[in-house]
2 protein chains.
Amino acid sequence: MSTTSRDVARVAGVSQSTVSRVLQNRGNVEESTRQRVLKALEDTGYVPNLQARAMRMRRSGLVGVVTGSITNPFYPELLDGLARALAGADLRMALWTADEPASSTVAVQAIQGGAADGLIFTTATPSDPALREAVAQHLPIVLVNRSISGLHCDQVTSDNVAGGQLVAEYFLAHGRTEVAVVGGSDLISTGRERRQGFVSAMAENGIEIPPHRQPECDYTHDAAVNVGLELLGHPNPPSAVFCVNDLVAFGIQDAAFRLGVAVPDALWVAGYDDIPMAAWDRIDLTSVRQPIESLAKVAVECLLKRITNPDEPYEHRRFGAELAVRGSTAGAPPPPDAI
Amino acid sequence: MSTTSRDVARVAGVSQSTVSRVLQNRGNVEESTRQRVLKALEDTGYVPNLQARAMRMRRSGLVGVVTGSITNPFYPELLDGLARALAGADLRMALWTADEPASSTVAVQAIQGGAADGLIFTTATPSDPALREAVAQHLPIVLVNRSISGLHCDQVTSDNVAGGQLVAEYFLAHGRTEVAVVGGSDLISTGRERRQGFVSAMAENGIEIPPHRQPECDYTHDAAVNVGLELLGHPNPPSAVFCVNDLVAFGIQDAAFRLGVAVPDALWVAGYDDIPMAAWDRIDLTSVRQPIESLAKVAVECLLKRITNPDEPYEHRRFGAELAVRGSTAGAPPPPDAI
DNA sequence: ATCCAGCATGAATACGATTTCATACGACGC
DNA sequence: GCGTCGTATGAAATCGTATTCATGCTGGAT
């Protein structure tokens, strides 16, 4: 049986309220008794019961995180940043992976039940009823990485449209006009926006991308290989491919490898997220980099603000993105003013 | 203000105890009132206060997981398995990454404070005082992936020594005797055991590995590249390298790539963990595979058993490992009976 | 008819902390 | 010397649930 604050009080010869006062460093307590209590705390090896404290304080110290497929290395990077930021704010992190179908439902129940103080979604679909309900109840919720327009909650993203444009302009500046874009389903904001940015920037330069050069693709390496084999095996293959995330780009690179298509001579490949593997020598993938650390930090800041001050207006903070040029494309990106 | 079970009771015209009885499906309650309560629950949109419930039941429904560096893709794989297994047991998961220095301390405090029902360590050092203390107090703790001999708690691992042997015997069977082993500090059980298995199997076959062919190495790609450049740049370079995990192997492969050393002709490389990237076409790394899914499943089973029945004897369950042969080495592994 | 078992249910208690309320005491100003 | 104020502290209320205890009632067996 664990020792309670009442046990400590008995040892120190004071009342339980005084122990609590010392613990909370609040209210007046004479220095001598204060010392006596501190000694008793030490002697008994007291550990506060977090459940009881949470129940009374209506604050659990736990933040729920609903994350996308954790086997996509982008998410661990983001989680790492979130973990760091949360630990800095003395908060613990509960994790739900979106692979489990009911994860958002369970997460929302957790916050409704007071088991979590707030929720961070790194992935979300507009139709998710649990998310909708949580937002309707004005629970402290922050979307990071994904954005859902019209959803009344804080959202922290990077400018995916601009990122897509960046790649398009880079391709164009080097005369790569036979382009394709892989992935970017309408349901997922990141992919959709990235593709839109790319496609519209191409359109503005008079280049229409035919449907067969805009294949849909699961966001996994293996799915991308299959898509790539088809795309690159076409009688009139593209000379540059923009992939809406790095895992897909790796798959396209591997498809090119299997088919003996030379990268970057015959084919340029660009990805998105700039996960660490993109920089490895034999991958060497040009990719759009998001400021992951900042995204995480700001998301946590937003959540803290929302928890302490629920009536602040909702923020939509959007970071820039930059292109990390590597060997899967050749040539430095054009200077900004040349665009 | 959230609705409590007392509110529901008022709506249903019964006492709070009856509501609780319906909720818990325990004790006798007449079908008609039961229906009335269920309707009231529905109407009021009641969500139980998990803190209060946890406090009363002395069970939080939360399991703490202390994980190794989440940016090493092995850990997300393991976490994924753990998340699945925990969700199946209707448990939530709190995550601490070991990158934060105090993570194990905080995790242990969480369980001591009743905020978690049990702890799963996927990484741990023998000297960790928080871990020691938790074990001494017979708190429900399971080590998975790591093993610490003499520590009285459940441990679930795969046979890392056998895995190292497997690689050694594979190298030997194909006449690769100029071998090196990279990584495997004494502090980390997995690496140490893998190296020991490899080194001792080599020794049994009369092959002593000189110290300069046993470099230490951080478990990251970039550190491994530097180690690899040195190792392979040596006037008398090895013809086969065993790396204690895949990230390190990727780095060694890249070092070979930079130096123009042909893999697998001039150099064989083998890794450990068989993370998904190992199977990608342009990585194509031979690696020792652990049954990650089983490790995770059994770890959770162990923990559940320990939580419900604290006095069971401690188990040390150890799974086998197998070699996934790919292009970074050439030649099928020898049949088992040839070893 | 009586008694007892068992059922349905409400009242009360416990969980362990925080916080409010009440009280006793000492000092100070008039 | 008395009222008042501030300080130090203990007693009690509170958070929302699960569970135990108490009670009235019904039905069947003797």
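Keep in mind that this is a model prediction, so the values were computed, not measured. (Residues numbered from 1 in each chain as written. Chains lettered and ligands numbered in written order. Predicted model: local features only at pLDDT ≥ 70, side-chain atom pairs only at ≥ 80, totals over all residues. Heavy atoms only, no water.)

### Thoughts on the overall build of chain A
When helices and strands are counted, chain A shows twelve helices and eleven strands. Against the 2.2 N^0.38 benchmark of 20 Å for 339 residues, chain A shows a C-alpha radius of gyration of 26 Å, more extended than a compact globule. With respect to the three principal axes, the spread of C-alpha positions in chain A is 85 × 40 × 40 Å. Among the 339 residues that make up chain A, the fraction classed as buried is 53%. In chain A, the proportion of contacts linking residues at least 24 apart, taken out of those at least 6 apart, comes to 70%. (Helix = DSSP H or I, 4+ residues; strand = E, 2+ residues; numbered from the N terminus. Rg over C-alpha atoms; globule rule 2.2 N^0.38 Å. Buried < 20%, exposed > 50% of the residue type's maximum accessible area, 1.4 Å probe, protein only. Contact = heavy atoms within 4.5 Å.)

### With respect to the protein's contact with DNA strand D
As a matter of local geometry, DNA strand D sits amid 29 residues, with Arg58(A), Ser5(B), Gln24(B), Tyr46(B) and Arg56(B) nearest to it. Arg56(A) places a polar side-chain atom, nitrogen or oxygen, 2.8 Å from a base oxygen of DNA strand D. Note that a phosphate oxygen of DNA strand D is positioned 3.0 Å from one of the side-chain N or O atoms of Ser20(B). If you list the elements that add at least two residues to the surface near DNA strand D, you get α2 (16-24) and α4 (50-57) of chain A together with α1 (5-12), α2 (16-24) and α4 (50-57) of chain B. The dominant element in the surface near DNA strand D, judged by the number of residues it contributes, is α2(B), at five residues. Broken down by class, the residue content of the surface near DNA strand D amounts to seven nonpolar, 13 polar and nine charged. (Near = heavy atom within 4 Å. Polar contact = N/O pair within 3.5 Å; in protein donor to acceptor, adjacent residues only side chain to side chain. Nonpolar A, V, L, I, M, F, W, Y, C, P; charged D, E, K, R; others polar.)

### Some points on the domain arrangement of chain A
Many authors give the size of an interface as the accessible area that is lost as the parts come together. When its domains are assigned, chain A resolves into domain 1 (5-48), domain 2 (60-159 + 292-320) and domain 3 (160-290 + 323-338). If you average the C-alpha positions of domain 1 of chain A and of domain 2 of chain A, the two centres end up 37 Å apart. (Domains from an automatic or database assignment.)

### Some thoughts on the pairing of strand β4 (residues 141-144) of chain A
Side chains Ile141(A) and Leu143(A) of β4(A) all project onto a buried face; the interleaved residues Val142(A) and Val144(A) project onto the opposite face, where all are buried too. Once you follow strand β3 (residues 118-121) of chain A into helix α7 (residues 129-136) of chain A and on to β4(A), the crossover reads as right-handed. (Right-handed = clockwise from strand over helix to strand, strands pointing away.)

### A short note on the interface of chain B and chain A
Listed by partner, the interface residues are 46 residues for chain B and 46 residues for chain A. For the pair chain B and chain A, the summed buried surface comes to about 4400 Å²; carbon and sulfur atoms form 61% of the total. Taken together, chain B and chain A are joined by four salt bridges. The tally of links between chain B and chain A comes to 17 residue pairs in polar contact (both at pLDDT 80 or more). (Buried area = accessible area lost by both parts, 1.4 Å probe. Salt bridge = Lys/Arg side-chain N within 4 Å of Asp/Glu carboxyl O.)

### Looking at the pattern of salt bridges
Within the structure shown, the criterion is met by 32 salt bridges over all chains. For Asp43(A), the salt bridge goes to Lys39(A), with nearest N and O atoms at 2.7 Å. Linking Asp43(A) with Lys39(A), this pair stays in helix α3 (residues 31-44), spanning four residues, or about one helical turn. Of the two residues, Asp43(A) and Lys39(A), both sit in the exposed class. Residues Asp7(B) and Arg10(B) are paired through a salt bridge, measuring 3.4 Å at the closest nitrogen-oxygen approach. Here Asp7(B) and its partner Arg10(B) are both found in helix α1, three residues apart, which amounts to about one turn of the helix. Asp7(B) gets classed as partly exposed once you look at its relative accessible area, which sits at 22%.

### Considering the relation of the copies chain B and chain A
With an RMSD of 0.1 Å, the operation that places chain B on chain A is a rotation of 180° combined with a shift of 0.0 Å along the axis. Considering both components of the superposition, the chain copies are consistent with a two-fold axis. Nearest to the rotation axis, the C-alpha of Ala94(B) is located 2.0 Å from it, this being the minimum over chain B. (Least-squares fit on C-alpha atoms with pLDDT ≥ 70 in both.)

### Points about the environment of Met55(B)
Relative to the helices and strands, Met55(B) is located in helix α4. Given a relative accessible area of 39%, Met55(B) falls into the partly exposed group. When the C-alpha atoms of Met55(B) and Arg36(B) are compared, they prove to be 28 Å apart, with 19 residues separating the residues in sequence. When residues no more than four places from it in sequence are discounted, the contact partners of Met55(B) are Gln51(A), Ala52(A) and Met55(A).

### Let's talk about the nonpolar core
Judged by nonpolar contacts, the single largest core of 104 residues is most densely connected at Leu82(A), Val156(A), Val182(A), Phe250(A), Leu82(B), Val182(B) and Phe250(B). If you look at the next biggest cluster of nonpolar residues, it comprises 45 residues, including Ala94(A), Ile141(A), Ala94(B) and Ile148(B). (Core = buried A, V, L, I, M, F, W, Y, C linked by side-chain atoms within 4.5 Å.)

### Details of α3(A)
Residue and element names in this part refer to chain A. Taking 1.5 Å of rise per residue, 14 residues should cover 20 Å, and α3 covers 20 Å from first to last C-alpha, within 8% of that figure. All of the buried residues in α3 are Thr33, Val37, Ala40 and Leu41. The buried residues of α3 occupy one face: seen down the axis, they fall within an arc of 100°. Exposed and oriented more than 90 degrees from the buried face of α3 are Lys39, Glu42 and Asp43. For α3, the elements touching its buried residues are α1 (5-12) and α2. Directly beyond the C-terminal end of α3, a positive phi value near 65° is found at glycine 45. (Expected span 1.5 Å × (residues − 1). Arc of directions from axis to C-beta.)

### Topic: the packing of aromatic side chains
One pass over the full model with this rule turns up 16 aromatic pairs over all chains. Taking the centre distance of 6.1 Å and the plane angle of 70° together, the rings of Phe171(A) and Trp268(A) count as edge-to-face. You can see Phe171(A) sitting in helix α8 (residues 160-173) and its partner Trp268(A) sitting in strand β8 (residues 268-273), a full 97 residues away along the chain. The class of Phe171(A) is buried, set by a relative accessible area of 0%. Aromatic pair Trp280(A) and Phe250(B): ring centres 5.1 Å apart, planes at 45°, arrangement tilted. Remark: Phe250(B) occurs in helix α11 (residues 246-259) and Trp280(A) occurs in the loop between β8 and β9 (286-289); the pair is interchain, linking two chains. For the pair Trp280(A) and Phe250(B), a shared accessibility class is recorded, and that class is buried. Clustering of aromatic rings is evident, with ring pairs tying together Tyr170(A), Phe171(A), Phe198(A), Phe242(A), Trp268(A) and Tyr272(A). (Phe/Tyr/Trp six-rings, centres within 6.5 Å; stacked < 30°, edge-to-face > 60°.)

### Section: the sheet that holds β4(A)
As summarised here, the arrangement of the twelve strands in space is β10(A)-β5(A)-β4(A)-β3(A)-β1(A)-β2(A)-β2(B)-β1(B)-β3(B)-β4(B)-β5(B)-β10(B), forming an open sheet in which the pairing is mixed. Two strands bound the open sheet, and with one partner strand each, they are β10 (316-319) of chain A together with β10 (316-319) of chain B. The sheet shows a mean angle of 20° between the axes of neighbouring strands, taken without regard to direction. Bridging between strand β1 (residues 62-67) of chain B and strand β2 (residues 92-97) of chain B involves six bridges; their strand directions are parallel. Bridging from a neighbouring strand, Val65(B) pairs with Leu95(B) of β2(B). (Pairing = 2+ DSSP bridges. Axes fitted to C-alpha atoms, helices over the stretch in contact; angles between N-to-C directions.)

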